[in-house]
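Architecture and fold: a report
Spelled out from the first residue to the last, the chains are:
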Amino acid sequence: MTEQRRRAPVGSAALRELIEELAESLRRSVALADLSVGGIRASRHFDDADPARVHSLLQGRASSEVARHVLDQGVTRWSRPGFVEGRDDLGLLPRYCVPLRERGHLLGLLVVIAPDRSLAPGETEAIARATPAIAGQLYADHVLADAEKTREQKLLLSLLGSSPAVRAESRQRLLDDALLPDAPHAVVSIVQVARSQVSPGQVTTALSGALEGFRRTRSAHGAFAVTSNRAVLLQLADRPLTPEALREQSRHIMEALGARLDASAVPVIGIGGHQTGLADARTSYEQALVAVRAARRMPALKGIGSWEELGELAVLLQLPDRALNESLLPKPLRALLESSGGHRLETTLRCFLDQAGSTSRTAEALRIHRTSLHYRLRQIQEITGLDLDNGADRITLHLGLRIRELLVSLGASGDDGRHQAQAATPGGDLVGRAPGAEPQGRRGASARPGRQVPPQRTRARRDQAGQSVTAGDHSRIEAA
C-alpha cells in the first residue's frame with residue numbers, strides 16, 4: 001500500500017517533551033491517558049513499569065479491562081488528584097492520577113505509577129507545577145486535532161453521500177491532502193449505539209476511542225466519522241480484509257465500547273462488502289446499513305452483522321419492522337405450517353431445498369429411508385398445491401422459509417429488540433437520507449434451491465460488480 005503522509009498533531013512533540021521532563025524529575029514512569037483511559041502517551045520506562053504499562057505501550061492503548069477498572073473508580077469526576085487502586089490479576093500497580101482540565105473541560109488524565117500508594121511531598125509538588133503546562137499543551141493539541149478531524153469527517157461523509165459530483169470532489173480532496181490512499185479494496189463498517197443512560201458526549205467519546213486504533217493498521221488505512229450515537233469506519237487495503245479479520249476487529253470495537261459505556265448502550269456493528277477503492281466506498285456503506293440492521297434484528301448474530309454472510313436475507317432485512325409480519329408468508333407455506341405434522345414437513349422441505357432438490361442427500365441428512373422421504377414430499381405438494389420440480393414454486397417456498405426464519409429471529413429479540421428498534425428510528429444518520437426512507441435492494445432474492453441460510457450460519461455471497469443497495473442521501477443509520 002502506498003504510504004500516506006502522516007501528520008503529527010501540532011504541539012505533540014512539545015507535549016511529549018513535557019511528559020519526559022516530569023518523568024525525569026520524578027524518576028518514575030509517567031503517562032497521559034485520554035478520557036476513555038484507552039489512548040496513552042507515555043514517558044520512557046523506569047524500574048517501576050508493570051505488565052499493564054508494557055501492554056499499553058506495545059498495543060498503543062490500555063486493555064479494556066484496565067480501562068474499565070480505572071473508570072469504575074470515578075476518576076473522570078475527580079476534582080483533585082488521588083490514587084487509583086492496583087489489581088494483581090491485571091498486572092496493574094497503584095497509580096497517582098491527576099485530572100487535567102482547561103477552561104472547565106476535562107481533557108485527560110496524568111498518571112504516575114506509585115507502587116506503594118504514596119508520593120513524597122516534593123514529588124506531588126513537582127507534579128502540581130508541571131500540570132498547568134501539560135494541560136495547556138494538551139488543550140492546544142485537542143483544538144488543532146479536532147479541526148483536522150472535523151475536516152476529515154466532513155470529507156468522509158461527503159464521500160459516502162448521494163451526490164456523484166460531491167463524492168468525486170471529496171475523493172479528490174482526500175487524495176490530494178494525503179488523508180487516505182486510493183487502495184484497491186474498500187470496506188465500510190457502521191457502529192450504532194442504542195439510546196444510552198450516559199450522555200451523548202460520553203457516547204461520542206467512547207465511539208471515537210474505540211475506533212481510533214483503526215485509523216491505520218498493519219493491513220489497512222482508515223478514517224472514521226462520529227455523530228451522536230453512531231459512527232462509520234472506512235478502511236482501504238491492498239488486499240481484501242478477510243471475514244475473520246473484520247469480525248475480530250468488530251469484536252475489539254465491541255469490547256472497547258463495553259469498557260467505556262454501561263449495559264444500556266447495546267452497540268451493534270454492520271460490516272459492508274468489499275468494493276473497489278474510494279470510488280465505490282458508498283456501495284460498501286449501503287451494504288453496511290443493511291448489515292447493521294441485521295445485527296440489531298437478529299440476536300443470533302451477537303451484535304455483528306456482515307453483508308457478505310446475509311445471502312437472501314439482505315433483501316428482506318431492508319423491509320421496515322412494521323412490514324415484517326405473518327402476512328408476508330406465502331399462502332401455500334402457511335397451509336403447510338398449519339397442517340398436521342407441519343413441523344416435520346417444514347424440516348423436510350428446508351432440508352430438501354438446502355440439498356438442491358437431491359433426494360439422496362436429503363434422505364441421508366434427515367437419516368430416513370428414501371421411500372419415507374418421497375412420501376413426505378408428496379404430502380408437501382398435496383398440502384401446498386405446488387410442484388417441487390417447478391423452479392418458480394421452489395422460489396415461493398424458499399423465500400417463504402426465509403421470511404419465517406427472520407420472523408422467528410425478531411420474535412426471539414423480545415423487548416430488547418423492540419427497544420433498539422425504537423431507539424434507532426427518530427432522526428437521521430451519518431450520511432443523510434430523509435427520515436423514514438428505506439434502502440432499496442437490487443440484489444434479487446435468489447432463493448436458489450437447496451441453499452438454506454439459517455440466521456445463525458449464513459453463507460457468504462459476494463455482491464456482483466455494479467450492483468449495490470441504493471440509498472438516499474445523508475442521514476440514516478438510525479433508520480437502519
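This text goes with the structure placed above it.
Below is a short write-up of the structure. The structure presented is a predicted model; accordingly, all values stated were derived computationally and were not measured. Residue indices begin from 1 for each chain and proceed along its sequence in written order. Local features in this predicted model are restricted to residues whose pLDDT is 70 or higher, and side-chain atom pairs enter the listing and the counts only when it is 80 or higher, whereas totals over whole chains, interfaces and linings include all residues. Side-chain descriptors were evaluated using all non-hydrogen atoms of the structure, hydrogens and water having been removed beforehand.

**Section: the overall build of the protein chain**
The secondary structure listing takes helices from DSSP runs of H or I that are at least 4 residues long and strands from runs of E that are at least 2 residues long, numbered from the N terminus. Of regular secondary structure, the protein chain possesses 14 helices and 11 strands. A simple rule labels every residue: compare its accessible area, found with a 1.4 Å probe on the protein chains alone, to the largest value its type can have, and call it buried under 20%, exposed over 50%, or partly exposed in between. Counting over 480 residues, the protein chain shows a buried share of 52%. Of the contacts formed within the protein chain by residues at least 6 apart in sequence, a portion of 68% connects residues at least 24 apart. With the model as given, the accessible surface of the protein chain reaches about 21,800 Å², and the carbon-plus-sulfur share is 51%. Any two residues whose heavy atoms approach within 4.5 Å are treated as being in contact. Exposure was quantified through the Shrake-Rupley algorithm and a 1.4 Å probe, taking into account, for residues, occlusion by the shown protein chains and nothing else.

**Some thoughts on the packing of helix α10 (residues 331-338) against helix α13 (residues 370-384)**
Helix-helix packing: each pair is described by the crossing angle between the helix axes and the interaxial distance. Note on geometry: axes are C-alpha line fits, over the in-contact stretch for helices, and angles between N-to-C directions span 0 to 180 degrees. Where α10 meets α13, the closest approach of the two axes is 8 Å, and the angle between their N-to-C directions is 120 degrees. Here α10 is positioned oblique relative to α13, judged by the angle of their axes. Handedness of the crossing formed by α10 with α13: right-handed. Judged by residue contacts, P332, A335 and L336 of α10 engage I380, I383 and T384 from α13. Residue polarity is assigned by list, with Asp, Glu, Lys and Arg as charged and Ala, Val, Leu, Ile, Met, Phe, Trp, Tyr, Cys and Pro as nonpolar; anything else, Gly included, falls into the polar class. For the contact of α10 with α13, the residue count by class is 5 nonpolar, 1 polar and no charged. Oblique is the label for any angle not covered by the other classes, which are roughly parallel (under 35 degrees), roughly antiparallel (over 145) and roughly perpendicular (65 to 115). Left-handed is the label given to a crossing in which the near helix is rotated counterclockwise from the far helix by less than a right angle, and right-handed is the label when the rotation is clockwise.

**A look at the pattern of salt bridges**
Salt bridge, as used here: a side-chain nitrogen of Lys or Arg that lies within 4 Å of a carboxyl oxygen of Asp or Glu. As enumerated under the stated definition, the model contains 19 salt bridges in all. Notably, a salt bridge pairs R95 with D50, separated by 2.7 Å at the nearest N-O pair. On the criterion of sequence distance, the pair formed by R95 in strand β4 (residues 95-102) and D50 in the loop between β2 (40-42) and α2 (51-59) is long-range, its members being 45 residues apart. For D50, a relative accessible area of 3% puts it in the buried group. The partner of E405 in a salt bridge is R350, with the nearest N and O atoms 2.6 Å apart. A residue pair is termed long-range when its members are at least 10 positions apart, and E405 in helix α14 (residues 391-423) and R350 in helix α11 (residues 342-354) qualify at 55 residues. Here E405 matches R350 in class, with each residue buried. Linked through salt bridges whose partners overlap, the residues forming this network are E312, E346, R350, R402, R404 and E405.

**As for the pairing of strand β6 (residues 185-193)**
Burial within β6 is extensive, with 8 of its 9 residues counted as buried. Alignment of β6 against strand β8 (residues 230-237), held across 8 bridges, turns out to be antiparallel. Of the residues in β8, the one forming a bridge with Q192 is R230. Being paired, for any two strands, means DSSP has found at least two bridges between them. Note that β6 and strand β10 (residues 275-276) share 2 bridges and pair antiparallel. Bridge pairing in β10 links H185 to T276. Sheet topology note: the β6/strand β9 (residues 267-271) ladder contains 5 bridges and is antiparallel. Within the sheet, the bridge partner assigned to V191 lies in β9 and is I269.

**Structural notes on the packing of α11 against helix α12 (residues 359-366)**
Closest axis-to-axis distance for the α11/α12 pair is 9 Å, and the angle between their directions is 130 degrees. Here α12 runs oblique to α11, going by the angle between their axes. Taken as a pair, α11 and α12 cross one another with a handedness that is right-handed. On the side of α11, the interface is formed by T347, T348, C351 and F352, while α12 contributes T359, T362, A365 and L366. By residue class, the composition of the contact of α11 with α12 is 4 nonpolar, 4 polar and no charged.

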